[in-house]
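# Commentary on secondary and tertiary structure
Listed below, chain by chain, are the residues.
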Amino acid sequence: DRFQPTREAGLHGVGSFTSPDVLLSAESHDFGGLYVGESASWAFSVSNIGRLTLEVQEVAAAGAGYSVDFGGSFALRQGESAELTVTFAPEDGGTHDGTVTIVSNDPRGDAVVALTGEGLWFPVAGLDPEAIEFGEVAIGSMAERVLTVRNDGRATLHLFDVTTSGDPFGVEFR
């Protein structure tokens, strides 16, 4: 109203602390390529940026080859952090996608870290025979034996050169 440009009104409110709030140091990780049978670990942190205590009930890894080091439930007060370690150990070749899920009392729900990695097969050189016996060879003459190199692995074997050591041995690579 133009005769009373200012009005006063009474306000009433109740203050409350903000809820627990998960903050992850990373939301995804790529382990790259690892040979089948090898493993690699990666650590990330879970922090509470809310005012109320964050209660983490469970941390679980999903996906072939992934595991997480979780010693049991824990609590984080405002500003506190905890480090978690994920391990990738592929048991088969190919791309492996996975997740780590952190279950807590954060009202926004579970926090999830996306994971990816590749399991690589490797070549394994085998020889047939494993040892070559020439027996007695007369001076000035030559003896030939065939050595077969085979691939006992599951990835392509690239053979670039074959050499011998010691005189009078030689090799023809074809």
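This text goes with the structure placed above it.
A short tour of the structure in this document, coming up. (Residues numbered from 1 in each chain as written. Predicted model: local features only at pLDDT ≥ 70, side-chain atom pairs only at ≥ 80, totals over all residues. Heavy atoms only, no water.)

## Looking at the nonpolar core
Formed by 23 residues in total, the largest nonpolar core has its most connected members in Phe44, Val46, Val86, Val100 and Ile102. Of all elements in the fold, only strand 1 (22-24), strand 2 (28-35), strand 3 (40-48), strand 4 (54-62), strand 5 (66-69), strand 7 (81-88), strand 8 (94-104) and strand 9 (111-120) reach the threshold of two or more residues within this core. Not counting chain neighbours up to four residues away, the residues in contact with isoleucine 102 comprise Leu24, Phe44, Val46, Val56, Glu58, Val59, Leu84, Asp110, Ala111 and Val113. (Core = buried A, V, L, I, M, F, W, Y, C linked by side-chain atoms within 4.5 Å. Buried < 20%, exposed > 50% of the residue type's maximum accessible area, 1.4 Å probe, protein only. Helix = DSSP H or I, 4+ residues; strand = E, 2+ residues; numbered from the N terminus. Contact = heavy atoms within 4.5 Å.)

## Concerning the pattern of salt bridges
Scanning the model with the defined rule gives four salt bridges in all. In this structure, the salt-bridge partner of arginine 108 is aspartate 21, at a minimum N-O distance of 2.4 Å. You can see arginine 108 sitting in the loop between strand 8 and strand 9 and its partner aspartate 21 sitting in the segment before strand 1, a full 87 residues away along the chain. Salt-bridge contacts for arginine 150 lead to aspartate 152; the nearest nitrogen and oxygen are separated by 3.0 Å. Judged by its relative accessible area of 35%, arginine 150 is partly exposed. Accessibility expressed as a relative area gives 45% for aspartate 152, which makes it partly exposed. Salt bridges here are not isolated pairs; linked through shared partners, they connect Asp21, Asp106 and Arg108. (Salt bridge = Lys/Arg side-chain N within 4 Å of Asp/Glu carboxyl O.)

## Considering the layout of surface pockets
By volume, the largest pocket is sized at about 1000 Å³. Residue classes in the lining of the largest pocket are distributed as 16 nonpolar, six polar and four charged. (1 Å grid on protein atoms, 1.4 Å probe; cavity = no way out; pocket = protein on both sides within 12 Å on 5 of 7 lines; lining within 4 Å. Points joined across faces, edges and corners; volume = space filled by probe spheres on them. Nonpolar A, V, L, I, M, F, W, Y, C, P; charged D, E, K, R; others polar.)

## Remarks on the sheet that holds strand 7
Read across the open sheet, the four strands follow the order 1-3-7-5; overall the sheet is antiparallel. The open sheet terminates on both sides in strands that have one partner only, identified here as strand 1 and strand 5. Neighbour-to-neighbour, the strand axes of this sheet turn through a mean angle of 30°, independent of strand direction. (Pairing = 2+ DSSP bridges. Axes fitted to C-alpha atoms, helices over the stretch in contact; angles between N-to-C directions.)

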